[in-house]
Amino acid sequence: MVFSLIKEMEWKKFYIDLVLVPLAVLTVVLYHIFLWYKAKTSPHNTVIGVNSVGRRIWVESMMEDNDKKNILAIQTMRNSIMASTLVGTVSVVLTTGLGAVISSTYSFKQPNPFKGLEVFGSHHSELLVAIKYATPLVFLLFSFFFSTLSLRFLTQVNILVNIPLHEPCLITPDYVTQLFDRGLIFNTIATRMLYVACPLLLWILGPVPVFLSCVTMVPALYNLDFVFRSKDSEIRLEDTMEEVKKSKDYYRII
């Protein structure tokens, strides 16, 4: 089956696609594996870890003084829900548009819209065009899926963060913080899926734009995902982390 598929595609014409596109996606995947590892081992050096500490402090502050800060909590959660909704909406719009193009191309048996458009190393057969449609579509659908998971947790936090702590209760700041972290992590995954889908849409023009987009995106994400400090700040941070680890307030990344 595999050999017949390769023969059908005449792989010698598409070797650039077979090399550059998987390599581009692999580059982004390896970067996020590295980011996940650093978030687990050195969370204070990543934006994810630092923000997790800030969210824990914020949730405790909102629940301890809920009578005065309940409106602030609702407004803040509303902004987080709107951000996650935006990612899901963009994913759905792109999925719908891509689905409409696929439907008009195959249902009405129109000629190949990319025939003659062979730029940036691009070649177009019926099978390769189908793969070019399907690949970004999969990432967009997963982006929408993780956005819905994010909204599920964030809407729960929107209610639970307003529970006062005057009496013993099963709803604790730690529990609410865990839900908040999970909601924002799912939102981050949905956003990164969307980031990968956008370069894959350029595959229509050829594999070279996909590769260049992904390779350019990784350094940009690195500068956004990691915290850069001076040597003096790093020394003070190490001293602070030693004290925090000895206390009962030592945080963990969900």
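Up top is the structure.
Now for a quick tour of the structure. (Residues numbered from 1 in each chain as written. Predicted model: local features only at pLDDT ≥ 70, side-chain atom pairs only at ≥ 80, totals over all residues. Heavy atoms only, no water.)

1. Considering the overall build of the protein
Thinking step 1. Counting its secondary structure elements, the protein contains eight helices and zero strands.
Thinking step 2. Traced from its N-terminal end to its C-terminal end, the protein shows the element sequence α-α-α-α-α-α-α-α.
Thinking step 3. By residue count, 35% of the 254 residues in the protein fall in the buried class.
Thinking step 4. Partitioning the intrachain contacts of the protein with sequence separation of at least 6 by distance along the chain shows that 79% fall at a separation of at least 24. (Helix = DSSP H or I, 4+ residues; strand = E, 2+ residues; numbered from the N terminus. Buried < 20%, exposed > 50% of the residue type's maximum accessible area, 1.4 Å probe, protein only. Contact = heavy atoms within 4.5 Å.)

2. Let's talk about the packing of aromatic side chains
Thinking step 1. One pass over the full model with this rule turns up six aromatic pairs.
Thinking step 2. Between the aromatic rings of Phe 146 and Phe 186, the centroid separation amounts to 6.0 Å while the plane-to-plane angle is 25°, which identifies the pairing as stacked. On the criterion of sequence distance, the pair formed by Phe 146 in helix H5 (residues 126-160) and Phe 186 in helix H6 (residues 173-201) is long-range, its members being 40 residues apart.
Thinking step 3. Owing to a relative accessible area of 15%, Phe 146 belongs among the buried residues under this scheme.
Thinking step 4. For Phe 186, a relative accessible area of 21% translates into the label partly exposed.
Thinking step 5. By the ring-pair criterion, three or more aromatic residues cluster together here, those being Phe 145, Phe 146, Phe 153 and Phe 186. (Phe/Tyr/Trp six-rings, centres within 6.5 Å; stacked < 30°, edge-to-face > 60°.)

3. A short note on helix H3 (residues 47-64)
Thinking step 1. A rise of 1.5 Å per residue sets the reference length of H3, with its 18 residues, at 26 Å; its end C-alpha atoms lie 26 Å apart and thus fit the reference within 8%.
Thinking step 2. Of all the positions in H3, only Gly 49, Ser 52, Arg 55, Arg 56, Trp 58, Val 59, Met 62 and Met 63 are classed as buried. (Expected span 1.5 Å × (residues − 1).)

4. Overview of a nonpolar patch on the surface
Thinking step 1. Together, Leu 23, Leu 26, Val 29, Leu 30 and Ile 33 make up an exposed nonpolar region whose accessible area comes to about 420 Å².
Thinking step 2. For Val 29, the location among the structural elements is in helix H2 (residues 15-41).
Thinking step 3. Overall, the relative accessible area of 41% leaves Val 29 in the partly exposed class. (Patch = residues over 30% accessible without salt bridge, like charges linked within 9 Å, V, L, I, M, F, W, Y side chains within 5 Å. Areas by Shrake-Rupley, 256 points an atom, 1.4 Å probe, with all protein chains shown as cover. Salt bridge = Lys/Arg side-chain N within 4 Å of Asp/Glu carboxyl O.)

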